[in-house]
Amino acid sequence: MFRAKIILSDDNEGYIVGEGTGEIFGRLENLKEFPEIETVLLIPKKEVLYQKEHKEQIRKKYSDFNTSFSNYGKLNLDIIRTISKLDFTAIQLKTFLFLASHTSYINCIIKKGKRYNMTRKFIAKELEISMVSVNSAVKKLESEEIIKIVKEKKREKMYFNPYILFKGYSISNKAYDFFKQSKWKGDTCDD
């Protein structure tokens, strides 16, 4: 598995480019032919040119920021407003925030620590709530398409909807596929 970028040219043609090498693997419409690509980063050609031109300024800006980007997530303010209007109990909202804060940097998997997938038991312990409350909150979040629960080898794996929150510069193809028909996709929050 490796990460790839897709560079969009001025005429919106996309090229799949190896993130480290810059090697062109193919065109955007051929993406499914490359199952070894785990995550994709869309970059407009103008941005690539800008980054090349201002490389030193950009490097200094990020080094001055002096922090780990893994502690930061991207959450749309319109989404926050919409979620605040949903019929959530305090425990469901608390669970939402807890799961968002444990979303993995690259693949949108909700984890406890770096190696282990989130469990309902861990949520109950950390939030000091009952398993009934956890199950109710998780069910509500899943029904609102905020999280997706997948069974793998008799264990649950929870994914956070990248249209609501994601970390890093790219989203895994698996997370994208789970939420590509999501009601959160696009301009759902035009109030």
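Residues numbered from 1 in each chain as written. Predicted model: local features only at pLDDT ≥ 70, side-chain atom pairs only at ≥ 80, totals over all residues. Heavy atoms only, no water.

Chemist: Provide a residue-level description of the pairing of strand S9 (residues 155–160), including the pertinent values.
Modeler: When strand S8 (residues 147–152) meets S9, the two strands line up antiparallel, connected through six bridges. If you follow Glu152 over to S9, its bridge partner there is Arg155. Joining the antiparallel neighbours S8 and S9 is a turn of two residues, in which Lys153 adopts a positive phi near 55 degrees. (Pairing = 2+ DSSP bridges. Helix = DSSP H or I, 4+ residues; strand = E, 2+ residues; numbered from the N terminus.)

Chemist: Pulling in residues and values, what's your account of a nonpolar patch on the surface?
Modeler: Taken together, the side chains of Leu75, Leu77 and Ile80 define a hydrophobic patch exposed on the protein surface, amounting to about 250 Å² of accessible area. Tracing the sequence through the fold places Ile80 in helix H3 (residues 77–85). Ile80 gets classed as partly exposed once you look at its relative accessible area, which sits at 39%. (Patch = residues over 30% accessible without salt bridge, like charges linked within 9 Å, V, L, I, M, F, W, Y side chains within 5 Å. Areas by Shrake-Rupley, 256 points an atom, 1.4 Å probe, with all protein chains shown as cover. Salt bridge = Lys/Arg side-chain N within 4 Å of Asp/Glu carboxyl O. Buried < 20%, exposed > 50% of the residue type's maximum accessible area, 1.4 Å probe, protein only.)

Chemist: With reference to specific residues and values, describe helix H6 (residues 131–143).
Modeler: Taking 1.5 Å of rise per residue, the 13 residues of H6 would be expected to cover 18 Å, and the 18 Å separating its terminal C-alpha atoms lies within 8% of that figure. Buried within H6 are the following residues: Val134, Ala137, Val138, Lys140 and Leu141. In an axial view of H6, the angular spread of the buried residues amounts to 160 degrees, which keeps them on one side of the axis. Along H6, exposed side chains directed more than 90 degrees from the buried face belong to Val132, Lys139 and Ser143. The elements touched by buried residues of H6 are helix H4 (90–101), helix H5 (120–127) and S8. Positioned one or two residues after H6, Glu145 has a phi angle of 60 degrees, which is positive. (Expected span 1.5 Å × (residues − 1). Arc of directions from axis to C-beta. Contact = heavy atoms within 4.5 Å.)

Such coordinate-based values are descriptive only and should not be taken to indicate function.
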